[in-house]
2 protein chains.
Amino acid sequence: MTRQFQLVRSLIRQEWSRCSISRWNRKFATLEQTVVEPSTGPDPSKLETKISNLPGPSEKMKNGEVRWGTTFTNHMFEAEWHLEEGWSTPRIVPRHTIELDPAASVLHYGLEVFEGLKAHRGTKDGKIRLFRPDKNIRRMAISCARLGLATFDQQMMLECLRRYVMIEKDWVPHGRGTALYLRPTCIAVDPKLGVARSKRNLFYIIASPVGHYFQGGSGGVNLLATTKYFRSFPGGIGFCKTGANYALGIIPSEEASRLGCQQVLWLSDAKNRYVTEAGVMNFFVLFKGAKRPELVTAPLDGTILDGVVRSSILELVRSWGTIDVSERKYSIDEVVQRISQGEVIEAFGSGTASIITPVTGIHYQDKMYSIVSDTEEKISPKLLKSMQDIFYGEVEDTFSWNVEVDTE
Amino acid sequence: MTRQFQLVRSLIRQEWSRCSISRWNRKFATLEQTVVEPSTGPDPSKLETKISNLPGPSEKMKNGEVRWGTTFTNHMFEAEWHLEEGWSTPRIVPRHTIELDPAASVLHYGLEVFEGLKAHRGTKDGKIRLFRPDKNIRRMAISCARLGLATFDQQMMLECLRRYVMIEKDWVPHGRGTALYLRPTCIAVDPKLGVARSKRNLFYIIASPVGHYFQGGSGGVNLLATTKYFRSFPGGIGFCKTGANYALGIIPSEEASRLGCQQVLWLSDAKNRYVTEAGVMNFFVLFKGAKRPELVTAPLDGTILDGVVRSSILELVRSWGTIDVSERKYSIDEVVQRISQGEVIEAFGSGTASIITPVTGIHYQDKMYSIVSDTEEKISPKLLKSMQDIFYGEVEDTFSWNVEVDTE
């Protein structure tokens, strides 16, 4: 264990040296007003494991014929946190239902935070790799801090996650385009009707073997840019991965669906109408430029999710040196105007679930603006290939993004 | 049953005739974009009851020595709703834990709605009365509709609630200032990681005998008017009673506490800084006027809760005819300026939990503005007395606000 723990530690230190926790704290203390308190635990050296006697993954799964988010593995990771007592002994146990008092805070006051990340099986070497898990664990720490939920040691949590994936390694599907989707979750479980910080949290991880997020593959989606509903606002919790940001999107998504769109494209507000992010994705537009194309996405101003795939795309494209990359405010009016003028090469969404998904049209103010380009200038196919090459261990991981799960 | 059902129906029809569901629907379709779909069930005529063999409320409770939100009664009401199949048979059963799959939507996507209302025991006649339960049931229908949760027949739900209170009647405390607090709750229970409308909901009601919400009674609270955090925004879900609106307030409340305040006073945004509502209360200011005082509170613009006590206060004060009543936008800057000029007679919060709570100070931009008036012009003592006289059946209920729970 100690050796593996050190390995993981050294891998994530590479990025931490570039962007240390203290710098992040300062950034969030300014930007999102969130300070992540230090904490110890849950301690992976104390991990207790109880193996399920259920049958493992079926042959079917090995063919990659998996449906998103409804098939689950046989085990879950769990650990309790108490405001004064800290972390309980972490456990990997057979997957089970959670018993909650009907007054549990999570059921009333939305005190819940989650993450989504993936383990991929190498197509050549069969090795299992987690994609940038340190970024998800860090974002979870930030979300938890903003909502007053559990504080934890990020390296310890990452090691707990890695050990959980080792137990579930047979559930990582074979085949490019598939993955084991991991869902760390933290919920407030105190049975108390007063609105206040929860004293008892349950942290757990479940896993689901997955293929494409959008049914019918990632052939492209249409987005509804609505000025009737908004997702977030400055001084809110738009940067957190928490229930609140999803609950408000169900009805708008259904309106999108009635207009032939798969997701909502969220704007900042009715006046400025800056493009922020899509339903379960960050959003990118590739504009034609005077000299070279400009890839644009919304800046991390506290109203959007700091997506892991988003930041990987930015790093990748910047490394090419052939395209201008801008994290800037831009309005939907600019986008549709430039679509009309033929100045939009392409648009796409990014996310852990959907990876890179081409956007084929934007519905805005009762009109559908189609984005149909078939030019050589498109970068999304190349980006998707580059990302997947890294996911599946087909190229050298020059960014040190993967964390190998040693399956021995 | 039929006679009681008709009684309840006739009582709530009185208000419905003034403000029919269809008018509400039109209003919300404009204002909060929410359309409440018609639905049948849960059917109170099919209600199944299983009585707990636990001991009932102790003598202690009868003295009103109850602590807010941590003591619960022995039973709960529950009914399942399915998107296609509708409502299951409703049940009143011994209070029990809820078993949820760890992937249940409520634990990830904040798909949860609740209400809070009270049953009071008449100080003279011992009769148990619900205060305006039809308004809470209607608001719950609106919240559920906005989040894509269960639709229900409001009259049927009200009758289920009344029958539940009958079972728990011995838990309604004796004494002015006490009540049985009722917490209807609706949660999405499908085990599915995709973000979409939930197909299965659990609706339940739990109850807790309560005294004062703020420890130390309602002697007065200080509020922190923050420009760092905001609660809601146009096109959001600020008008819904759902977890999202509470999760974001935990950390700001703790900042308030460090500055000697009991709650946050939420402003609209950093620019306009309109006063909206307080942590768990609507907010009122009584300004001195040229001819007569002006009672001001924020309008129902979709960013605040349509509080039942709020609307009752507005009706009561309008019925007096001696004070101007304004539902209008007003900024925190207006409030603190007029405090400084001696033009604020008083300020208070209103809510089901806290009833009417005097505000003794507002902390804004590093300064505490004390509101210390001891004049005859204050209306909050009279308002609280009028409300409590109605709650406890001490005066004629001229507004037809109470719904009697026939305990036979």
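All residue numbers refer to position in the chain's written sequence, counted from 1. Both sets of labels track the order of writing: A upward for chains, 1 upward for ligands. Restriction of local features to residues with pLDDT of at least 70 applies here, the model being predicted, together with a cutoff of 80 or more for giving and counting side-chain atom pairs; totals for whole chains, interfaces and linings are based on all residues. To get the side-chain values, all heavy atoms of the structure are used, and hydrogens and water are removed first.

A few points about the overall build of chain A
- Scanning chain A for helices and strands turns up 10 helices and 20 strands.
- Under the scheme applied here, a residue whose accessible area is under 20% of the maximum for its type counts as buried, over 50% as exposed, and between as partly exposed, the area being computed with a 1.4 Å probe on protein chains only. With 408 residues in all, chain A has 62% of them scored as buried.
- Residues are treated as being in contact if the distance between any of their heavy atoms lies within 4.5 Å. Contacts spanning at least 24 positions in sequence make up 75% of the contacts within chain A whose residues lie at least 6 apart.
- Shrake-Rupley sampling with a 1.4 Å probe provides the accessible areas, and residues are treated as covered by the protein chains on show and by no other component. A total of about 15,400 Å² of accessible surface is found on chain A, and carbon and sulfur atoms cover 48% of it. Helix numbers and strand numbers start at the N terminus; a helix is a DSSP run of H or I with at least 4 residues, a strand a run of E with at least 2.

Looking at the UniProt feature "modified residue: N6-(pyridoxal phosphate)lysine" (unreviewed entry) in chain A
- UniProt positions are given in the numbering used here, feature names are shortened, and annotations may be inferred rather than shown by experiment. Using the residue numbers shown here, the UniProt feature "modified residue: N6-(pyridoxal phosphate)lysine" (unreviewed entry) corresponds to Lys-241 of chain A.
- When residues no more than four places from it in sequence are discounted, the contact partners of Lys-241 of chain A are Glu-112, Val-113, Phe-114, Glu-115, Gly-116, Arg-139, Ser-143, Tyr-246 and Leu-305 of chain A.

Details of helix α8 (residues 308–320) of chain B
- By this rule the span expected of a helix is its residue count minus one, scaled by 1.5 Å. Here α8 of chain B spans 19 Å end to end across 13 residues, near enough to the 18 Å set by a 1.5 Å rise per residue.
- Two residues or fewer past α8 of chain B, Gly-321 of chain B is found with a positive phi of approximately 75°.

Focus: the environment of Thr-226 of chain A
Residues and elements named next belong to chain A.
- With respect to the helices and strands, the residue Thr-226 is situated in the loop between β11 (221–225) and α6 (244–247).
- When the C-alpha positions of Thr-226 and Asp-190 are compared, they lie 37 Å apart, and in sequence the two are 36 residues distant.
- Contact partners of Thr-226, with chain neighbours within four places excluded, come to Val-264, Leu-265 and Leu-267.
- A distance of 3.4 Å separates a polar side-chain atom of Thr-226 from the backbone nitrogen of Tyr-229. In protein, a polar contact means a hydrogen-donor-capable atom and an acceptor-capable atom, both N or O and within 3.5 Å, with residues adjacent in sequence counting only if both atoms are side-chain atoms; elsewhere, any N or O pair within 3.5 Å suffices.

Side note on the nonpolar core
- If you look at the biggest cluster of nonpolar residues, it comprises 154 residues, and the most contacted ones within it are Leu-100, Leu-107 and Leu-182 of chain A together with Leu-100, Leu-107 and Leu-182 of chain B.
- In contact with Leu-107 of chain B, other than residues within four places in its own chain, are Ile-98, Leu-100, Val-106, Leu-107, Glu-112, Thr-185, Ile-187 and Tyr-204 of chain A together with Leu-100, Asp-101 and Pro-102 of chain B.
- In this structure, Phe-230 of chain A together with Ala-225, Phe-233 and Val-296 of chain B belong to the second largest nonpolar core, which totals 52 residues. What we call a nonpolar core is a set of buried Ala, Val, Leu, Ile, Met, Phe, Trp, Tyr and Cys residues that are connected through their side-chain atoms within 4.5 Å.

Thoughts on the relation of the copies chain B and chain A
- Once turned by 180° and shifted 0.0 Å along the axis, chain B lies on chain A with an RMSD of 0.0 Å. The relationship between the two copies is best expressed as a two-fold rotation axis.
- Interface residue correspondence from chain B to chain A reaches 100%, placing this contact among same-surface, isologous pairings. Superposing copies: least-squares fit, C-alpha atoms only, residues required to have pLDDT of at least 70 in both.

Overview of the interface of chain B and chain A
- At the junction of the two partners, chain B supplies 63 residues and chain A supplies 63 residues.
- Summed over both partners, buried area is the accessible surface (1.4 Å probe) that two parts give up on being assembled. Overall, the association of chain B and chain A removes approximately 5,200 Å² of surface from exposure, summing both partners, and the carbon and sulfur fraction of that is 62%.
- Broken down residue by residue, the surface that chain B buries against chain A is led by Pro-102, Leu-107 and Leu-193 of chain B, which jointly contribute 12%.
- Put simply, a salt bridge is a Lys or Arg side-chain nitrogen that is within 4 Å of an Asp or Glu carboxyl oxygen. At the boundary of chain B with chain A, the tally comes to 4 salt bridges.
- Across the pair Glu-254 of chain A and Arg-197 of chain B runs a salt bridge, and its minimum N-O distance is 2.6 Å.
- Along the contact surface separating chain B from chain A lie 27 residue pairs in polar contact (both at pLDDT 80 or more).
- Looking at the side of chain B that touches chain A, the elements that each hand over two or more residues are β5 (98–100), β6 (112–114), α4 (133–147), β9 (179–188), β10 (200–210), α6 (244–247) and α7 (250–258) of chain B.
- Under the grouping applied here, Gly and all other residues not named as nonpolar or charged are polar, the nonpolar ones being Ala, Val, Leu, Ile, Met, Phe, Trp, Tyr, Cys and Pro and the charged ones Asp, Glu, Lys and Arg. Tallied by class, residues from the side of chain B that touches chain A come to 36 nonpolar, 16 polar and 11 charged.
- Strands are treated as partners if at least two bridges between them are detected by DSSP. Bridging between strand β5 (residues 98–100) of chain A and β5 of chain B involves 3 bridges; their strand directions are antiparallel.

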